[in-house]
Amino acid sequence: MRSINLALMILLSLSPLLSSHQSGLTTIYEDLGAMFGVLLIASFYYVPWRALGDNSSVRRIAAARVYAGLVMLLVLAGLYFVAGRNGARESAALPMVIAPTFFVLTGILNFFAFNKKLIELRNHNKMPDEAQGQDKKAQERQTANYILAHWRGELPLAQSYWINAVLLGNLVLSYALLNLARIIEKAHFSLRQLATFMLAAIIVGSLAWLWGVVGVWRSVSRYRSGNGAGWIVALVVLTLCGNVIFMAHNFVRAQWPQMREFYALAMGKDKMPPIEIKSTPQSGSIYLSAYFGEGSADRFAEALRRSPQIRTIVLNSSGGRLLEAENIARMIREKQLDTYVEGLCASACTYVFLAGKDRAATPNARIGFHQPSFPGVQGFELEMSTKNMLDKYRQAKLPEAFIQKIGSTKSEDMWYPSREEMLAAGVITRTSLGDETGSRSFSIADSKEGIVQSLLRQSLWRVYEQHLPGRFKEVVDMIWNLKTQGKSDADIHAQIQAMTGRDYIAALKVTDNTNLDEYALLVYDELREARQISTTACHKMLNGELNAGLTLSRKLLDRDSRLMEKVLMSTPRSDVYTMQSREFADSARRLSSSLSRIHQQVTADMNAYADQPDLQCEAFIALYSAILKLEDRDRHIIISGLVQAK
């Protein structure tokens, strides 16, 4: 019966270790309750195991009988309480009967074993006093310091191997440390505090493993010298050698990289810098950029404390530490703040974005998901970390198919769902056309020289400087003046577009026919994409109010930049046509024949249909479609005339 108690105790300790992260527990109290429950049930088998040992006594047997009886009554009372709450639910009936029945049956068997042990103890008491004295001294030596007795190999081999090495040194310790880490995380401790605990946990776990292995090795030596079974000695030695090799490999592959990372975090030397925060309280926004490194949550909390009127969090981050992002997300949820993305929000940043009450993103914003990563975390640990991350997304009420796609994207890859996929999944609650906040100052550089170097890294600005010397300096001066005035990105980019747009149109008016054709096709494609985003986006584009850099796709923006470069470098031509020329009138008549009457009316007088933006978009898309289908001469005359009118 003692062996059965040992086996059941090991199984009870092993099962929660394998399933604790799949139990769906969400609060600290549920975790603590689960740990207490496991320890309570395991103790029901541990106490009889100890009482039925070779060093037992009548008093220990009596205490074990009382304890087993109390636990059985507690289980039956709990069963009655649960049955009363669940009623006659069939789904709960079977496990509610089988588990307690098995529990009670093993308890009854232990009572029989207690009686048998009492008989053995009575017979033992008839031994000569000298033999009893030797047994008592051996018992006192083994129980005076249990840890030291195991280390010296003075305990029985079975006890050293199964209880101390396997159960205490591995399973129970691993289970306790793993769940304590989860509890600390749920208690909203900082990343630095958690890293300190995890570093200590790895060290304690390694020492416990070493204690278990050394004690077993010394115990098996005593067992062999006492004429123990040779096959048992060989099996234990083989198991120990295999375990040492495995642990050495695991230490190099996993534990050492983790210890280095935890040490850096605990010492405040994270390789990822804390998040950069810029706030503009007058606009009610905070701008978070760069990485969510150690200390980011503290910085964010301080920013909120200084500016309690903040309502919107603007994100531009490629990720960072999940715990820092999770703590920031918790603060956003508590204050019911909105989140907003114009650029990039990937990996850990998505925790923060999904915490927003209103979650807006521009059409070309990139929001990316993938599995978590941490040095040395692989295999089972990675699987548990991924499951924990996916549970966070489930709490955000994302669809299961969307969550599974995240879970299948490896940490070295990144999945950027389309705008339609994110709208359908509820990742974003609405599409923004940009320029919603003034939370960012122009961040190209902190000096005029820095602005020049940043701009010249783009080929478009090199062409601009080459063909329009002097104008480039005006752009730089304008950016610097607006930046020193504290203007927002929206203001600065609007001024840049106005200045460069005039130069672009001037060059476009005298460019060659190939560039004119490319320009007409680009306008047609941009109008169609803007309308696909929304009627408002299309209407803004027709009126020159759309921030194309925040709304149109990267493919169209690249085409626009390349065309501008070619237009600026092209040789001016002399044959241009205005809308008042006879050639334009002739070509316009042929163009009108391919348009419906309502489309002719809208394109002829756009203001007359100002209250019908959808019709305006439809008419101008039809207009450019018809232009692109004209014969070459008519097409070039029409495009030239439209450009001259700008």
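Values in this document were obtained by computation on a predicted structure and should not be read as measured data.

### Some words on the overall build of the protein chain
Moving on, step 1. For the protein chain, the helix and strand inventory stands at 27 helices and seven strands.
Moving on, step 2. Taking all 646 residues of the protein chain together, 43% fall into the buried category.
Moving on, step 3. Restricting the contact set of the protein chain to residue pairs at least 6 apart, pairs at least 24 apart contribute 71%.
Moving on, step 4. Put simply, the protein chain shows about 33600 Å² of open surface, and 57% of that area lies on carbon and sulfur atoms.

### A closer look at the packing of helix H25 (residues 597-604) against helix H26 (residues 613-628)
Moving on, step 1. Interhelical geometry of H25 versus H26 gives an angle of 100 degrees and a closest axis separation of 9 Å. With respect to H26, the axis of H25 lies roughly perpendicular. Of the residues in H26, those in contact with Ile 598, His 599, Val 602 and Thr 603 of H25 are Leu 615, Gln 616, Glu 618, Ala 619, Phe 620, Ala 622 and Leu 623.
Moving on, step 2. A per-class count over the contact of H25 with H26 returns seven nonpolar, three polar and one charged.

### A closer look at unusual backbone geometry
Moving on, step 1. Here Ser 347, not a glycine, exhibits a phi torsion of approximately 55 degrees, which is positive.
Moving on, step 2. Here Ser 347 lies in the loop between strand S4 (338-346) and helix H12 (349-354).
Moving on, step 3. Given the relative accessible area of 14%, Ser 347 is considered buried.
Moving on, step 4. One non-glycine residue, Lys 397, adopts positive backbone phi at about 65 degrees.
Moving on, step 5. Within the secondary structure, Lys 397 sits in the loop between helix H13 (379-395) and helix H14 (400-407).
Moving on, step 6. Accessibility expressed as a relative area gives 72% for Lys 397, which makes it exposed.

### Points about the packing of aromatic side chains
Moving on, step 1. On inspection of all chains with the given rule, the structure shows eight aromatic pairs.
Moving on, step 2. When the ring of Phe 402 is compared with that of Trp 415, the centres are 4.8 Å apart and the planes differ by 50 degrees; the resulting orientation is tilted. With Phe 402 in helix H14 and Trp 415 in the loop between H14 and helix H15 (419-425), this residue pair connects regions lying 13 residues apart in the sequence. Exposure class is identical for Phe 402 and Trp 415. Each is buried.
Moving on, step 3. Through pairs of rings, three or more aromatic residues link up here, namely Tyr 351, Phe 369, Tyr 393, Phe 402 and Trp 415.
Moving on, step 4. Over the aromatic face of Tyr 416 sits the side chain of Arg 366, whose NZ or CZ is 5.1 Å from the ring centroid.

### Some words on the packing of H13 against H14
Moving on, step 1. Taken N-terminus to C-terminus, the directions of H13 and H14 make an angle of 150 degrees; their axes are 10 Å apart at the nearest point. Classified by the angle their axes make, H13 and H14 are roughly antiparallel. Along this stretch, H13 crosses H14, giving a crossing that reads as right-handed. Across the interface between the two elements, Thr 386, Met 389, Leu 390, Tyr 393 and Arg 394 of H13 pack against Glu 400, Ile 403, Gln 404, Ile 406 and Gly 407 of H14.
Moving on, step 2. Per-class residue counts for the contact of H13 with H14 are five nonpolar, three polar and two charged.

### Notes on the nonpolar core
In globular proteins that are soluble, nonpolar side chains generally tend to be buried together.
Moving on, step 1. Of all hydrophobic cores here, the largest spans 56 residues; its most connected members are Ile 479, Tyr 519 and Leu 527.
Moving on, step 2. Per-element tally for this core: the top contributor is helix H20 (residues 513-533), with nine residues.
Moving on, step 3. For Tyr 519, the contacting residues outside a window of four places in its chain are Tyr 504, Leu 508, Leu 563, Ile 639, Val 643 and Lys 646.
Moving on, step 4. Of all hydrophobic cores here, the second largest spans 42 residues; its members include Ile 286, Ile 310, Cys 345 and Ile 428.

### Thoughts on the confidence of the model for the protein chain
Moving on, step 1. For the protein chain, the mean per-residue pLDDT works out to 82, and 78% of the residues sit at or above 70.
Moving on, step 2. By mean pLDDT, the top-scoring element of the protein chain is H12 (97), and the lowest-scoring one is helix H5 (residues 129-144) (50).
Moving on, step 3. Within the model, the stretch residues 17-23 combines pLDDT values under 50 with 15 contacts to residues more than four positions away or in other chains.

### Here's the deal with the pattern of salt bridges
Moving on, step 1. In this structure the tally under the stated criterion is 25 salt bridges.
Moving on, step 2. In this structure, the salt-bridge partner of Lys 392 is Glu 326, at a minimum N-O distance of 3.6 Å. Placement of Lys 392 in helix H13 and of Glu 326 in helix H11 (residues 322-335) is noted, with a sequence separation of 66 residues between them.
Moving on, step 3. Overall, the relative accessible area of 18% leaves Lys 392 in the buried class.
Moving on, step 4. According to the relative accessible area criterion, Glu 326 is buried, its value standing at 19%.
Moving on, step 5. Linked by salt bridges that have partners in common, Lys 387, Asp 391, Arg 394 and Glu 400 make up one network.

### Points about helix H9 (residues 230-266)
Moving on, step 1. The largest bend in H9 amounts to roughly 50 degrees and is located at Phe 251.
Moving on, step 2. Of the residues flanking the end of H9, it is Gly 268, one or two places downstream, whose phi is positive at about 75 degrees.

### Comments concerning the state of the cysteines
Note on terminology: disulfide describes a covalent bond linking the sulfur atoms of two cysteines.
Moving on, step 1. Per the stated rule, a full pass over the model turns up two disulfides.
Moving on, step 2. Between the sulfur atoms of Cys 345 and its disulfide partner Cys 349 the distance amounts to 2.2 Å. When the S-S torsion is -110 degrees, as for the bridge of Cys 345 with Cys 349, the disulfide is left-handed. This pair shows no difference in class: Cys 345 is buried, exactly as Cys 349 is.
Moving on, step 3. In this model, Cys 538 is linked to Cys 617 through a disulfide, with the two sulfur atoms separated by 2.3 Å. Across the S-S bond linking Cys 538 and Cys 617, the dihedral sits near -135 degrees, which makes this disulfide left-handed. Of this pair, Cys 538 sits in helix H21 (residues 535-542) while Cys 617 sits in helix H26, and the two are 79 residues apart along the sequence.
Moving on, step 4. The exposure class of Cys 538 is buried, given its relative accessible area of 0%.
Moving on, step 5. Each disulfide of the protein chain joins two cysteines, and with those cysteines numbered along the sequence the arrangement is 1-2, 3-4.

### A look at a nonpolar patch on the surface
Moving on, step 1. A surface patch of nonpolar side chains, amounting to about 420 Å² of accessible area, comprises Leu 148, Trp 151, Ile 203, Leu 207 and Leu 210.
Moving on, step 2. Only helix H6 (146-151) and helix H8 (191-225) provide two or more residues apiece to the nonpolar patch.
Moving on, step 3. Residue contributions to the nonpolar patch peak at three residues, all from H8.
Moving on, step 4. Here Leu 207 lies in helix H8.

### Digging into the environment of Thr 551
Moving on, step 1. Relative to the assigned elements, Thr 551 resides in helix H22 (residues 548-551).
Moving on, step 2. Once the C-alpha coordinates of Thr 551 and Ser 432 are considered, the two residues, 119 residues apart in sequence, prove to be 8.1 Å apart.
Moving on, step 3. If we ignore the near neighbours within four places in the chain, the residues touching Thr 551 are Pro 363, Asn 364, Ser 432, Leu 433, Glu 529, Ile 533 and Leu 546.
Moving on, step 4. Of the polar contacts made by the side chain of Thr 551, one reaches the backbone oxygen of Asn 547; its length is 3.0 Å.

Conventions we followed
Residues numbered from 1 in each chain as written. Predicted model: local features only at pLDDT ≥ 70, side-chain atom pairs only at ≥ 80, totals over all residues. Heavy atoms only, no water. Helix = DSSP H or I, 4+ residues; strand = E, 2+ residues; numbered from the N terminus. Buried < 20%, exposed > 50% of the residue type's maximum accessible area, 1.4 Å probe, protein only. Contact = heavy atoms within 4.5 Å. Areas by Shrake-Rupley, 256 points an atom, 1.4 Å probe, with all protein chains shown as cover. Axes fitted to C-alpha atoms, helices over the stretch in contact; angles between N-to-C directions. Parallel < 35°, antiparallel > 145°, perpendicular 65-115°, else oblique. Nonpolar A, V, L, I, M, F, W, Y, C, P; charged D, E, K, R; others polar. Phe/Tyr/Trp six-rings, centres within 6.5 Å; stacked < 30°, edge-to-face > 60°. Lys NZ or Arg CZ within 6 Å of the ring centre and 35° of its normal. Left-handed = near helix turned anticlockwise from the far one by under 90°. Core = buried A, V, L, I, M, F, W, Y, C linked by side-chain atoms within 4.5 Å. pLDDT = per-residue confidence, 0-100. Salt bridge = Lys/Arg side-chain N within 4 Å of Asp/Glu carboxyl O. Bend = angle between axes of the 7 residues up to and from the residue. Disulfide = S-S within 2.5 Å. Patch = residues over 30% accessible without salt bridge, like charges linked within 9 Å, V, L, I, M, F, W, Y side chains within 5 Å. Polar contact = N/O pair within 3.5 Å; in protein donor to acceptor, adjacent residues only side chain to side chain.

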